[in-house]
Amino acid sequence: MKLKDTGLTEAELKAKAKKYIIETYERFDFIADSAKGVYMYDEKGTPYLDFYAGIAVNSVGNCNERVVKAVQEQAGTLMQVFNYPYSVPQALLAEKVCTTIGMDKIFYQNSGTEANEAMIKMARKYGVEKYGPERYNIVTAANSFHGRTFGAMSATGQPDNACQIGFGGMTPGFTYAPYNDLEAFKAACTKNTIAIMIEPVQGEGGVNPATQEFMTGLRKFCDENDMLLLLDEVQTGWCRTGKFMSFMNYGIKPDIVSMAKALGGGMPIGAICATDEVAKAFTAGSHGTTFGGHPVCCAAALAAIEEMEDKNLADNAAKMGKYFTEKLKALPHIKEVRGQGLLVGVEFDGVKAVDIKHKCFDRKLLITAIGDSVIRMVPPLIITEEDCDKAFEIIKAAVEESVG
Ligand SMILES: Cc1ncc(COP(=O)(O)O)c(C=O)c1O
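(A) Spatial organisation of the overall build of the chain. Counting its regular elements, the chain contains 14 helices and 17 strands. Taken against the 2.2 N^0.38 rule, which gives 22 Å for 404 residues, the C-alpha radius of gyration of the chain at 21 Å falls within 12% of a compact globule. A principal-axis box enclosing the C-alpha atoms of the chain has dimensions of 60 × 55 × 45 Å. Within the chain, buried positions represent 49% of all 404 residues. For the chain, long-range pairs separated by at least 24 residues make up 72% of all intrachain contacts whose partners lie at least 6 apart in sequence.

(B) Just the pairing of strand β13 (residues 334-340), in detail. Note: β13 against strand β14 (residues 343-348), 6 bridges, orientation antiparallel. By the bridge assignment, G339 is partnered in β14 with V344. Where β13 folds back onto β14 in an antiparallel hairpin, the turn is made up of 2 residues, including G341, whose phi is positive at roughly 60°.

(C) Structural context of the site of the ligand. The immediate surroundings of the ligand are formed by 15 residues, with G112, T113, G147, V234 and Q235 found nearest. Sorting elements by how many residues they give to the shell around the ligand places helix α5 (residues 112-131) first, with 3 residues. In terms of residue class, the shell around the ligand is built from 4 nonpolar, 8 polar and 3 charged.

(D) Here's a closer look at the nonpolar core. Within the largest apolar cluster, 119 residues are counted, with the highest numbers of intra-cluster contacts made by A123, I196, L228, A271 and I272. Top element by residues in this core is helix α11 (residues 295-310). It accounts for 11 residues. The residues touching A271, leaving out its near neighbours within four places in the chain, are V97, I106, F107, Y108, Q109, A115, M259 and L263.

Procedures and definitions
- Numbering of residues starts from 1 in every chain and runs along the sequence as written.
- Only residues with pLDDT of at least 70 get local features here, since the model is predicted, and only at 80 or more are side-chain atom pairs given and counted; chain-wide, interface and lining totals rely on the full set of residues.
- Where helices and strands are cited, they refer to DSSP runs of H or I of at least four residues and of E of at least two residues respectively, numbered from the N terminus.
- Note that the radius of gyration is over C-alpha atoms, with the globule rule given as 2.2 Å times the number of residues to the power 0.38.
- Counting other C-beta atoms within 10 Å of each residue's C-beta, where C-beta atoms are placed from the backbone, gives the exposure class: buried for 20 or more, exposed for 12 or fewer, partly exposed between.
- By definition, residues are in contact whenever their C-beta atoms, placed on the basis of the backbone, come within 7 Å of each other.
- Note: two strands are recorded as paired if DSSP finds a minimum of 2 bridges between them.
- Nearness between a residue and a molecule or strand is assessed with a C-beta atom placed from the backbone; a distance within 6 Å qualifies.
- Asp, Glu, Lys and Arg are counted as charged, while Ala, Val, Leu, Ile, Met, Phe, Trp, Tyr, Cys and Pro are counted as nonpolar; the rest, among them Gly, fall into the polar class.
- Structurally, a nonpolar core is described as a collection of buried Ala, Val, Leu, Ile, Met, Phe, Trp, Tyr and Cys residues joined by way of C-beta atoms within 7 Å.

Below, the structure written as structure tokens:
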């Protein structure tokens, strides 16, 4: 649907949204009427350079032709069946995901937070059944973000954040340790700890990549203590960090990994992948979902992964990530430029991130701000050096104007 087909003005549409939608977002003040590749367009056709990609979702580009075709064909063939029969897209996607990232089994969900719920539930059930009723605790990282349902919220190590305040008590069974501090993680584990759960790069926490030492240290520690390593790759997964999954950058493998965002090429899908041994914790009735494994979303995801492979998007993310990161170091007033592949953050010194975000928006560049001082760029992975140059010039002008 486009605005011109409704007979409404821009102001009228916005008024309806404001009247009827429960608002929890700080909106970009425009109507996203259509999108293609690295651009979004308002109802007048004004292009906006998209360096947030639905927050790391539209990795194969907005309205990617292959994904659109897969969605259209599947929607006209078989739309929703629950999980009683087999379906072609589900089975083919399962094989593609597991063989591509070297895991044994998949369980489908609909979103990142749901994928993390499944990951937490599987780890807890594995622990309780294998070692006894007390062994279900999970150590996660301070400043992490794992989603907005209760298990994922409770795993999130941000007790002072609006995402946790005012909801009453959190789900028990989680403790937090400082990110990238291997000794602190070891110290936080007890005889009742079954797993350690982290993001390979903290996205919402300000774009903080795990060090190699931390990742290999956690893997070794988990192996030595019969504990599971759970990786939340909802934001980092599917080529964003220069490999299919971020854990491949570290040469380690998790026991369970969660994914969502980029997997569906713009359609909502989440999943966990687990080893055969850990996956056995889920049996008939122990977990389930009405929409998880939806044929249209699975067909979209299959098309998205094929597109990632054919266009070498992991390599492009690595190459463009390096190019863009190096370039951003020339910005004024920066404290640090950090990230992995095309998950890029810039921390500023004395300039408000939200001001930069607004001033970029005025210049038709879409980026996000995290906290007071970090801007984050997660563009489609199809971007070129020219797109990076354009974004850089806009951010530079925005910073200069913010400083005054
Ligand atoms: C690392 C991580 N985990 C989980 C989530 C939650 O995903 P969703 O919004 O799809 O529920 C996010 C969302 O930003 C995320 O970045």
